[in-house]
Amino acid sequence: MPRSPEGVRVELVVTSGTFSLDGGTWEVDNNVWIVGDDHECVVVDAPHSAPAILAAVGDRRLRAVLCTHAHDDHVSALAQVCDATGAAAYLHPADLVLWERVLPERSPDRLFADGDVVRVGDVELQVLHTPGHAPGACCFHAPALGVLFSGDTLFQGGPGATGRSFSDFPTIIDSITTRLFELPDETVVFPGHGAATSIGQERPHLREWLDRGH
Ligand SMILES: [Fe+2]
């Protein structure tokens, strides 16, 4: 796992549960990425199991839960994690339409915009608004670590799903080509589900994705 000069590193916890949308429910494993040093951290998404996430945070100060988007399999443990730690929940406002279906009893603590920066120690996480899988889907780029947290926008093997409500294939392709494929080839991609990949590994496959339409 990458590590900054001041010791900010990335850790992974995988949690399991379900994803529900449009009347269907599916079993899923989700990646929870923890970025921090010995004293403080942020987490990218808070799915399924608050105890597993809180155990990985340990006695560090959890400053924020950064939501890649508000599908229920990415925020289902958010309320418990934020209430236990005092962490602030960050969301792009275009995903409030999804958030309100999953967490109608609370609001995000902060709404972020494209270009915002969240600092953890000597590492900057730059917010990239990458709609398509969800209207407010965001990726977080940490240049100092050479890492992109891609949520459900880009996986090993292609774009995130766009067949359900509030998703759009041309929009996700535009986000990937104009924002993510601008990053250096060696940028490691840590997605919301499954194995890591890199920008250089995925870029050559764009034509296949366009031809198959997903
Ligand atoms: Fe999703």
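About the criteria used
Residues numbered from 1 in each chain as written. Predicted model: local features only at pLDDT ≥ 70, side-chain atom pairs only at ≥ 80, totals over all residues. Heavy atoms only, no water. Pairing = 2+ DSSP bridges. Helix = DSSP H or I, 4+ residues; strand = E, 2+ residues; numbered from the N terminus. 1 Å grid on protein atoms, 1.4 Å probe; cavity = no way out; pocket = protein on both sides within 12 Å on 5 of 7 lines; lining within 4 Å. Points joined across faces, edges and corners; volume = space filled by probe spheres on them. Nonpolar A, V, L, I, M, F, W, Y, C, P; charged D, E, K, R; others polar. Contact = heavy atoms within 4.5 Å. Axes fitted to C-alpha atoms, helices over the stretch in contact; angles between N-to-C directions. Expected span 1.5 Å × (residues − 1). Buried < 20%, exposed > 50% of the residue type's maximum accessible area, 1.4 Å probe, protein only. Arc of directions from axis to C-beta. Phe/Tyr/Trp six-rings, centres within 6.5 Å; stacked < 30°, edge-to-face > 60°. Salt bridge = Lys/Arg side-chain N within 4 Å of Asp/Glu carboxyl O. Donors = N, O, S within 2.8 Å, 3.2 Å for Na, K, Ca; no water. Tetrahedral: all angles 85-135°; square planar, octahedral: opposite > 155°, others 65-115°.

Chemist: I'd like to hear about the pairing of strand β13 (residues 188–191), residue by residue, with values.
Modeler: Relative to β13, strand β10 (residues 147–151) runs parallel, the two being bridged by 4 bridges. Paired with Val147 across the bridge in β13 is Val188. Two elements, β13 and strand β14 (residues 197–198), share 2 bridges in a ladder whose sense is antiparallel. Bridge pairing in β14 links Val188 to Ser198. Adjacent in sequence and paired antiparallel, β13 and β14 are bridged by 5 residues, among which Gly194 carries a positive phi angle near 80 degrees.

Chemist: Describe in detail empty space enclosed by the protein, supporting the description with residues and values.
Modeler: Tallying each qualifying case throughout the model produces 1 cavity of 30 Å³ or more. In this structure, the largest cavity spans a volume of roughly 30 Å³. For the lining of the largest cavity, a count of residues per class yields 3 nonpolar, 4 polar and 1 charged.

Chemist: Summarise the sheet that holds strand β3 (residues 40–44); cite the residues concerned and give the values.
Modeler: A sheet is described by the order of its strands in space; here 6 strands give the open sequence β1-β2-β3-β4-β5-β6, paired in mixed fashion. Because the sheet does not close on itself, it has two edges, and the strands there are β1 (9–21) and β6 (110–111). As paired strands, strand β4 (residues 61–66) and strand β5 (residues 88–91) are joined by 3 bridges and run parallel to one another. Looking across to β5, one finds that Val65 is bridged to Ala89. This element, helix α3 (residues 78–85), spans β4 and β5 of the sheet and lies at about 150 degrees to β4.

Chemist: Give a detailed account of helix α5 (residues 169–180), specifying residues and quantitative values.
Modeler: If you check α5, its first and last C-alpha atoms are 15 Å apart, about what 12 residues at 1.5 Å a residue would give, namely 16 Å. Of all the positions in α5, only Phe169, Ile172, Ile173, Ser175, Ile176 and Leu180 are classed as buried. For α5, the angular spread of the buried residues around the axis is 160 degrees, confining them to a single face.

Chemist: Which residues make up the packing of aromatic side chains, and what values go with them?
Modeler: Summed over the entire model, instances satisfying the criterion amount to 7 aromatic pairs. Pairing Trp33 with Phe149 gives two aromatic rings, centres 6.2 Å apart and planes at 50 degrees, and the pair type is tilted. One end of the pair, Trp33, is in strand β2 (residues 24–36); the other, Phe149, is in strand β10, with 116 residues separating them in the sequence. Under the relative-accessibility criterion, Trp33 is labelled buried at 3%.

Chemist: An account of the pattern of salt bridges is requested, with residue identities and associated values reported.
Modeler: Counting across every chain of the model gives 10 salt bridges. Connected through shared salt-bridge partners, Arg9, Glu11, Asp38 and Arg60 make up one network.

Chemist: Any details on the coordination of the iron ion? Residues and values, ideally.
Modeler: Protein coordination of the iron ion is provided by His69 (NE2), His71 (ND1), His133 (NE2) and Asp152 (OD), with donor distances spanning 2.2 to 2.3 Å. Taken together, the 4 donor atoms coordinating the iron ion and their angles of 87 to 179 degrees define a geometry best described as irregular. In the primary structure, the donors to the iron ion are separated according to the pattern H-x1-H-x61-H-x18-D. With a gap of 64 residues between them, His69 in the loop between β4 and α2 (72–75) and His133 in the loop between β8 (123–129) and β9 (138–142) connect regions that are remote in the sequence. For the pair His69 and His133, one class covers both residues: buried.

Keep in mind that these numbers describe shape and distance, not what the molecule does.
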